[in-house]
Amino acid sequence: MQLSESARAVFAVLAAAGTATRPQLAAGAGLSKPTVSSAVAELESAELAAHSGTAFGATGRSAAVYRLGPAAGTVLAVDLGPAQTRVRGCALDGSLLAERTGSRPEAADVVREVLKELPAGAPLRTVVVAVGDVITQGPEGAGMRPATAKAGPVFDAMAVALPPGVPVHLENNVNCAALAELHEGAARGRHSFGYLRIGVGIGLGIVIGGHVLRGANGAAGEVARLPYPWDEDRGPRQEALEEHIGVRSLLRRTEQAWQDADGPCPRTADRLFALSAEGHATARAMVARHAADVGRLAAAVTAVLDPGLIVLGGATGTDPQLLPGVRAELARLSWPTEVVSSTVGESGTVTGASRLAVARGIQTVTGGTPVKH
C-alpha cells in the first residue's frame, strides 16, 4: 500500500514515540490537526496504527492514544561475534520482543528461535547484522570487503534461516557499539566522541555530531591500519598495531615476563587482570604496560579527532584497571580528553544494531522519511 506523505510522516513520529495522541502526532510531524486525523485514519485502515486507550489532561479533556498496528512489523538485529551470537527481535517502536544468545556456530539456530517468538503474521521488515569487518557501500548495496571478510559460512547459514526477500544490511560491530554508547551508555548527552574497543583486536567507532562517521570506503576508525612500528630500525607492517595491542600479544609478553616465583602463568586475559586486581606484582606491571599502549593509541585518536571523550570498550578495554594508565599516558602525549569505561557491556553491539534495524524498518514503511537512531 502506498501511503500519503502525511501518513508516512505521522507513522515515523508514532514509531519514535511508541504511543501518542493526535495533538502529539501533529506537533511531532509539524502538521495540522485535520491533516493528522486523516493520516491516522489512513494508517488505521492499513493496520499500521491502532487505538490503544484514552489519555486525560489536567482540564479533564480526553484524547485517543495510538500505537503501532500489527502490520507495522518487526526487525531483527544480529551480533555475529567471534565467539557468541546475540539476536534480538524488536517492534518498530524499538520495544524488545525476543532475545537469544548462542555460540557463533549456532547462529542460524538462534535466529530461528527468535523468529518463532515474533508475532505471527507481522512482516519482518529488515535485518541488520553486525560483523567485525569493513563494510563497503557500492552500487549493489552494502557488503563486506573480501580481504577482511570473516563471517563466511556462518553468515551464509544464518542467511538461509531468514525469510526470503527480507533486506539484510551489514554494519561494522564497533560502529554499532558506538551507537549504543551514544544513546544508552557512557556517551549519553555527548554529540562527539570516540569508542575505542580493545580486545582480541582493536577498533574505533567515531561519532561526530551525533552520527557515526563511516568514511569514503566504510573504513573510518580502522585503527588497526595505523602504521606501526615507525622508527629508524623497523618499518611498519600492515595491522602490526592490532597485533601488538591485541590479547594474544599481551599474553605472549606476559609469558615472557613471568618468573617461576610468580606461580602459574595466566593463560587468559581475564586471569591476568584478576591477578593484577589481587596485587600480583608481575601481573600489575603487565596491565600497566598494556594501559600505556592503549593510552598511546588514544593519544593518536585524540590528535586526529579531538573528540573530547573516549569510551573504552571491548573484552579488556572495559576493565577499570586500565583507566588510570590510559588517562595518564594520554595526558602526557596530548591535550586534556575525558576517558571513561563503557557502560553497555557485551550487549552493546546488538543494542546498536537494534537501533539501526528499527530505523531501517521504519524507512521501509515510510519510503525514506528520515528517522532518528
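Rules and cut-offs
Residues numbered from 1 in each chain as written. Predicted model: local features only at pLDDT ≥ 70, side-chain atom pairs only at ≥ 80, totals over all residues. Heavy atoms only, no water. Pairing = 2+ DSSP bridges. Helix = DSSP H or I, 4+ residues; strand = E, 2+ residues; numbered from the N terminus. Axes fitted to C-alpha atoms, helices over the stretch in contact; angles between N-to-C directions. Contact = heavy atoms within 4.5 Å. Domains from an automatic or database assignment. Salt bridge = Lys/Arg side-chain N within 4 Å of Asp/Glu carboxyl O. Buried < 20%, exposed > 50% of the residue type's maximum accessible area, 1.4 Å probe, protein only.

- Named according to an unreviewed UniProt entry, the chain is ROK family transcriptional regulator originating from Streptomyces scabichelini.

**Description of the sheet that holds strand β1 (residues 19–21)**
Inference 1: Taken together, the three strands give an open sheet; going across it, the order is β1-β3-β2, and neighbouring strands pair in antiparallel fashion. A strand with exactly one partner marks an edge of an open sheet, and here the two such strands are β1 and β2 (49–56). Averaged over neighbouring strand pairs, the angle between their axes works out to 35° when direction is ignored.
Inference 2: Pairing of β2 with strand β3 (residues 62–68) involves seven bridges; the strand directions are antiparallel. Counted as the bridge partner of H51 is Y66 from β3.
Inference 3: Along the sheet, helix α1 (residues 5–17) makes contact with β1, β2 and β3, crossing β3 at roughly 90°.

**Observations concerning the sheet that holds strand β5 (residues 84–91)**
Inference 1: What the five strands build is an open sheet, ordered β6-β5-β4-β7-β10; its pairing is mixed. Each edge of the open sheet is held by one strand with a lone partner, namely β6 (96–103) and β10 (168–172). The mean angle between the axes of side-by-side strands here comes to 15°, regardless of whether they run parallel or antiparallel.
Inference 2: Relative to β5, strand β4 (residues 74–80) runs antiparallel, the two sharing seven bridges.

**Description of the domain arrangement of the chain**
Inference 1: Each domain of the chain was delimited in the assignment, giving domain 1 (5–71), domain 2 (73–176 + 349–366) and domain 3 (186–343).
Inference 2: On a C-alpha basis, the centroid separation for the pair domain 1 and domain 3 is 47 Å.

**A closer look at the pattern of salt bridges**
Inference 1: Applying the stated criterion across every chain yields a total of 16 salt bridges.
Inference 2: The shortest N-O distance in the salt bridge between R237 and E243 comes to 3.5 Å.
Inference 3: A residue is classified by how much of its surface remains accessible, and R237, at 46% relative accessible area, is partly exposed.
Inference 4: Here R253 makes a salt bridge to D293, at a shortest N to O gap of 3.9 Å. Of this pair, R253 sits in helix α8 (residues 247–257) while D293 sits in helix α10 (residues 281–305); the two residues are 40 residues apart in sequence, bridging distant segments of the chain. Both residues of the pair, R253 and D293, belong to the buried class.
Inference 5: Linked by salt bridges that have partners in common, R253, D293, R296, E329 and R332 make up one network.

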